[in-house]
Amino acid sequence: MLDFFTIFSKGGLVLWCFQGVRGPAATAPVNALIRSVLLQERGGNNSFTHEALTLKYKLDNQFELVFVVGFQKILTLTYVDKLIDDVHKEFRDKYRNEFQQKGALGLLNGTFDFKDDFMRLLRDAEESSKVRAPTVMKTFEQSLKSQKTVKCMIETRGEKPKEKVKNKKNKGSKKDGTEAVAAPSKASVGDKQLSAAGEKEELTKDEILQKNREEFFRRHMKAGEKSRSPKPDAQKEKGKKPRVWDLGNSNAKVLDYSNSATNGSAEACPVEEFDPDMALGDKNREPGRLYDLEYESDDEAEEEKVVQNPSKPSVKKGGLGGMFGMLKGLVGSKSLTRGDMDPVLEKMKDHLIAKNVAAEIAVQLCESVAKKLEGKVMGTFTTVTSTVKQALQEALVQILQPQRRVDVLRDVMDAQRHRRPYVITFCGVNGVGKSTNLAKISFWLIENGFSVLIAACDTFRAGAVEQLRTHTRRLNALHPPESHGGRSMVQLYEKGYGKDAAGIAMEAISYARNQGFDVVLVDTAGRMQDNAPLMTALAKLIAVNAPDLVLFVGEALVGNEAVDQLVKFNKALADHSMAQTPRLIDGIVLTKFDTIDDKVGAAISMTYITSKPIVFVGTGQTYCDLRSLNAKAVVAALMKA
Ligand code: GDP
């Protein structure tokens, strides 16, 4: 019933392989497993699905071996886990000496006569799954319920804890009543370690909180008039105050339309009142350059060291050393066990969750690291903490580095050569920053010499078209046709409200082709990921217009919610598309990154779940607040205590 079982070294050498009678060749699914799971640090659970197959695998980190079994996913083979364990044990015991004496070179010319052993283990595993006695239903007398009296089922206030204590005592807990409620059922040495770690954790949490608070105030004091967050000032003055936008007008009179004849049109915000310096933000930047995301940190130098040379255990106090230092213990030249790693992994998991990584993903990440390290022999002067931390850092960087790189400028030039506009569609829920970041991307494209047509396909939200019109006018003010040989670098294509968005996008694209625009940026209406009719409309817009790039705009601020949105948008596009191979999301624009301090976990969660690259990062409200993702900076922020 198995399709294949293969054993190969982590270096890529196949040592032994069993091929089932009807099964497909192991090569393609195993390659997919290596590419999508083992190299991408997604080894949290031991299972991987490739087309019609389920692959289960086990790593032997001591001898650097991988054991993979493949079978049809419609089958429920209960013996596979046992088989993989048995084969692993038998194979390594049989060839242990060979591996130890000859090392990796020995594998090259080693012959592994394992067929008979494997067939025996397979037979045993199959038999053991068959002989499992059928479960017989308990009689009422055997059940616990039969021992209960009517009296004990009556609950009186205050007695509930006693009941619980009694139950716990019945189960053999030696702890007293107050402890028993919270005590986990497996009272063991491991638990003691954990509770000790818990006490330390509380201490550290306080320290972390204190440190964060100090840092927060220090930053905002330093920032002065350049303060990025209006919160501290806002707290001082009571009462609701009108918000002042960086790109907008601070003059309240301008917002007063009561005496104006403009009727709320775009003219209500005259160009002359727009401050180009404010809209541009950083004056020292190099025009057209998309800067890497930087992580501002007081102990940046220390972070740099940690990222660049993570193999050395940190001896400094504070920073990463402070966070994980408490669990350090020298375990020279011994192979890592799960028990060694568990307390460190537990801490790391909590740390990741505190940084806004989705809980489920934090667990999977730690699990993946544990699987990768279990059995690995550590160097003499390496601590468990530094080994685990280094593996986690590597895993995080790996996750953030896209499998598929999106190079927008190169692709636009490519489209230019084919005399067609390059089309980007922006989608996401309301208020995440679609229009604002679309405008920033327009600005960046214009600075790179490309002309942009903005297609106003949010025909739903009042003010959406006006918002884009204002951006267009401001972008034109910053890059007037005079400085581009009389050519208008940005134009708005709009048809007002209530019309079919897919149709407008199509008209805009053909207009751009006729007028020689280089890029079309399609703004779409914000929609909730669960709204089926609106998701169908989006799928239609994308299917009909076949954009070159579909970008999902999500805010870093909401953390796990952004992950849910992204997953559901992607799924909805697949479900609601009429096409056989539906067009899905190609990449992410992660906005409001400036508002999250070092709680950068959403970036990890989003890329981990969907493997989509983060193409742009929005870091503020000016046109220059657009960055490309720097994986190391994000990981440094993530690992910072
Ligand atoms: P849309 O409904 O998705 O088009 O969202 P908007 O573009 O209208 O943006 C909603 C709000 O988020 C506006 O106030 C923007 O100024 C703000 N915004 C957008 N991107 C960023 C960003 O990167 N950082 C910050 N701090 N605010 C942003």
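Residues take numbers from 1 onward in each chain, read along the sequence in its written order. Where totals are concerned, whole chains, interfaces and linings use all residues; where local detail is concerned, this predicted model gives features only for residues with pLDDT of at least 70, and gives and counts side-chain atom pairs only at 80 or more. No hydrogens and no water enter the side-chain calculation; it runs on all heavy atoms of the structure.

Colleague: Tell me what's going on with the side chain of D625, and back it up with residues and numbers.
Modeller: For the purposes of this entry, the term helix denotes a DSSP run of H or I that reaches at least four residues, the term strand denotes a run of E that reaches at least two, and both are numbered from the N terminus. Following the sequence through the fold, D625 ends up in the loop between β12 (614–618) and β13 (626–627). Throughout, exposure labels follow a simple rule: accessible area from a 1.4 Å probe, protein chains only, divided by the maximum for the residue type, with under 20% read as buried, over 50% as exposed, and the rest as partly exposed. Note on charges: Lys and Arg go in the positive column, Asp and Glu in the negative column, and His and the chain ends are not counted at all. Salt bridges, as used here, are contacts in which a Lys or Arg side-chain nitrogen is within 4 Å of a carboxyl oxygen on Asp or Glu. There is no salt bridge for the buried D625, and the closest opposite charge comes from R627, which lies 4.7 Å off by N-O distance. Separated by 2.9 Å, the side chains of D625 and T622 make a polar contact. Here a residue-residue contact requires only that any non-hydrogen atoms of the pair lie within 4.5 Å. Beyond its immediate chain neighbours, meaning those up to four positions away, D625 contacts K440, V617, G618, T619 and G620. N or O atoms closer than or at 3.5 Å make up a polar contact, with two conditions inside protein: a donor-capable atom paired with an acceptor-capable one, and, for residues adjacent in sequence, both atoms drawn from side chains.

Colleague: Can you lay out the site of the ligand for me, pointing to particular residues and giving the numbers?
Modeller: Here, proximity means that at least one heavy atom of the residue falls within 4 Å of the molecule or strand. Within the structure, the ligand sits among 20 residues, and G431, K434, S435, T436 and D594 are positioned closest to it. At a separation of 2.6 Å, an oxygen atom of the ligand approaches a polar side-chain atom of T436. K440 is positioned such that a nitrogen or oxygen atom in its side chain is 3.3 Å from an oxygen atom of the ligand. Against a free-state accessible area of 580 Å², the protein chains account for coverage of 86% of the ligand. A total of 5 residues in the shell around the ligand trace back to one element, the largest contributor, which is helix α17 (residues 434–447). Exposure was quantified through the Shrake-Rupley algorithm and a 1.4 Å probe, taking into account, for residues, occlusion by the shown protein chains and nothing else.

Colleague: Let's hear about α17: which residues, and what values?
Modeller: An expected span of 1.5 Å times one less than the residue number is assigned to each helix. With 14 residues, α17 should cover 20 Å at 1.5 Å per step; its first-to-last C-alpha distance of 20 Å lies within 8% of that length. With 13 of 14 residues buried, α17 lies mostly within the body of the structure.

Colleague: For the environment of F91, give the residues involved together with the corresponding values.
Modeller: You can see F91 is positioned in helix α2 (residues 80–108). Overall, F91 belongs to the buried group, its relative accessible area being 0%. Expressed as a C-alpha distance, the spacing of F91 and W16, which sit 75 residues apart in the sequence, is 10.0 Å. Residues in contact with F91, not counting those within four places in the same chain, are I7, L15, W16, L65, F67, F99, F112 and F114.

Colleague: So what about the sheet that holds strand β5 (residues 65–72)? Which residues, and what values?
Modeller: Pairing is antiparallel in the open sheet, where 5 strands are placed in the order β2-β1-β5-β4-β3. Each having just a single partner strand, β2 (14–19) and β3 (47–50) make up the two edges of the open sheet. Pairwise comparison of adjacent strand axes, ignoring direction, gives a mean angle of 20° for this sheet. Any two strands between which DSSP finds at least two bridges are classified as paired. Axis angles are defined between N-to-C directions and span 0 to 180 degrees, where every axis is a line fitted to C-alpha atoms and, for a helix, only to the segment in contact.

Colleague: Account for the packing of aromatic side chains, with residues named and values stated.
Modeller: Pairs of aromatic rings are described using the distance from one ring centre to the other and the angle between the two planes. Pairing of aromatic side chains requires ring centres within 6.5 Å, counting the rings of Phe and Tyr and the six-membered ring of Trp. Pairs whose planes differ by under 30 degrees are stacked, by over 60 edge-to-face, and all others tilted. Counting across every chain of the model gives 14 aromatic pairs. Relative to F91, the ring of F67 lies with its centre 6.0 Å away and its plane at 85°, an arrangement referred to as edge-to-face. Taken together, the residues span a long stretch of sequence, with F67 in strand β5 and F91 in helix α2 at a distance of 24 residues. A centroid spacing of 5.3 Å and a plane angle of 65° characterise the contact between F552 and F569, whose relative ring orientation is edge-to-face.

Colleague: Please give an account of the pairing of strand β11 (residues 587–591) that cites residues and values.
Modeller: Within β11, 5 of the 5 residues are buried, which leaves it mostly tucked inside the rest of the structure. Across 5 bridges, strand β10 (residues 549–555) lies against β11 in parallel orientation. The partner of V553 across the bridge, within β11, is V589. Examined bridge by bridge, β11 and β12 share 3 bridges and lie parallel to one another. If you follow I588 over to β12, its bridge partner there is I614. The handedness of a crossover follows from its direction of travel: if, with the strands pointing away from the viewer, the path from the first strand over the helix to the second runs clockwise, the crossover is right-handed. One crossover worth recording links β11 to the parallel β12 by way of helix α22 (residues 601–610), and it is right-handed.

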